Amino acid sequence: DALMTVFKAIDTSLVCLATNFTSYSPLVNIIHRTLMSSIDMEGIRELCAILPNLAFIFPNVTKPVGQSSRLSPIGEIGARRNRLDYLFHVLVKSLCSTVRLVFALDDMQWADLLSITVVA
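Calculation criteria
Residues numbered from 1 in each chain as written. Predicted model: local features only at pLDDT ≥ 70, side-chain atom pairs only at ≥ 80, totals over all residues. Heavy atoms only, no water. Helix = DSSP H or I, 4+ residues; strand = E, 2+ residues; numbered from the N terminus. Buried < 20%, exposed > 50% of the residue type's maximum accessible area, 1.4 Å probe, protein only. Contact = heavy atoms within 4.5 Å. Areas by Shrake-Rupley, 256 points an atom, 1.4 Å probe, with all protein chains shown as cover. Core = buried A, V, L, I, M, F, W, Y, C linked by side-chain atoms within 4.5 Å. Phe/Tyr/Trp six-rings, centres within 6.5 Å; stacked < 30°, edge-to-face > 60°. pLDDT = per-residue confidence, 0-100. Salt bridge = Lys/Arg side-chain N within 4 Å of Asp/Glu carboxyl O.

Some thoughts on the overall build of the protein
Thinking step 1. Per the secondary structure count, the protein includes five helices and zero strands.
Thinking step 2. For the protein, buried positions account for 32% of its 120 residues.
Thinking step 3. Sequence separation of at least 24 residues holds for 68% of the intrachain contacts in the protein that already meet a minimum separation of 6.
Thinking step 4. Here the protein displays about 7,600 Å² of accessible surface, and carbon together with sulfur accounts for 58% of that area.

A short note on the environment of C16
Thinking step 1. Secondary-structure assignment places C16 in helix α1 (residues 2–19).
Thinking step 2. On the accessibility criterion, C16 (35% relative accessible area) is partly exposed.
Thinking step 3. Spatially, the C-alpha atoms of C16 and N53 are 9.5 Å apart, while their sequence positions differ by 37 residues.

Quick word on the nonpolar core
Within soluble globular proteins, side chains that are nonpolar generally end up buried alongside one another.
Thinking step 1. Among the nonpolar cores identified, the biggest contains 27 residues, and F7, L35, L47, L51 and L54 are the most heavily contacted of them.
Thinking step 2. Secondary structure elements with two or more residues in this core: α1, α2 (21–38), α3 (41–50) and α4 (77–96).
Thinking step 3. Look past the residues within four positions of L54 in its chain and what remains in contact with it is D11, L14, L35, L47 and C48.

Some details on the packing of aromatic side chains
Each aromatic ring pair is described using two quantities: the centre-to-centre distance and the angle formed by the ring planes.
Thinking step 1. Scanning the entire structure with this criterion turns up one aromatic pair.
Thinking step 2. Consider the rings of F7 and F88, whose centres lie 5.7 Å apart with planes at 90°: the pair is edge-to-face. One end of the pair, F7, is in helix α1; the other, F88, is in helix α4, with 81 residues separating them in the sequence.
Thinking step 3. The class for F7 is buried, based on a relative accessible area of 0%.

Brief notes about the confidence of the model for the protein
Thinking step 1. Averaged over all residues, the pLDDT of the protein is 77; the fraction at 70 or higher stands at 81%.
Thinking step 2. α3 holds the highest mean pLDDT among the elements of the protein, 90, whereas helix α5 (residues 113–119) holds the lowest, 72.
Thinking step 3. In this model residues 68–72 is a low-confidence stretch, pLDDT under 50, and it forms eight contacts with partners more than four residues away in sequence or in other chains.

A look at the pattern of salt bridges
Thinking step 1. The final tally for this structure, using the stated rule, is three salt bridges.
Thinking step 2. For R83, the salt bridge goes to D40, with nearest N and O atoms at 3.0 Å. Taken together, the residues span a long stretch of sequence, with R83 in helix α4 and D40 in the loop between α2 and α3 at a distance of 43 residues.
Thinking step 3. The partly exposed category is assigned to D40, whose relative accessible area is 44%.
Thinking step 4. When the shortest N-O distance is used, the salt bridge between R45 and E42 registers 3.6 Å. Of the two residues, R45 and E42 both sit in helix α3, three residues apart, roughly one turn of that helix.
Thinking step 5. Because the salt bridges share partners, they merge into one network encompassing D40, E46 and R83.

See the structure below:
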């Protein structure tokens, strides 16, 4: 899935923020504030599940008692996809609020229509 590939690329870039926290603390604070003001804690948990390196920005976010570490079941594909689309847009908005963000997407001819719609 193209969207998950983009999430993985973002997660890889978050390693830089995590390893150089003191240098990037203003950026980290803005990302934290933007995400906290835009989505609920369940959304933060989902993003941290998709982007493990985001957890350093939200160290106190834990899954509720009795919840598995897996994401919500994909039985409701439409609702699940809309949720991922929304989380993706909020994440990109928070990253772009402080730095210029460039995506280099290769082989988009193989992407499914929903992934192209999200990235567009």
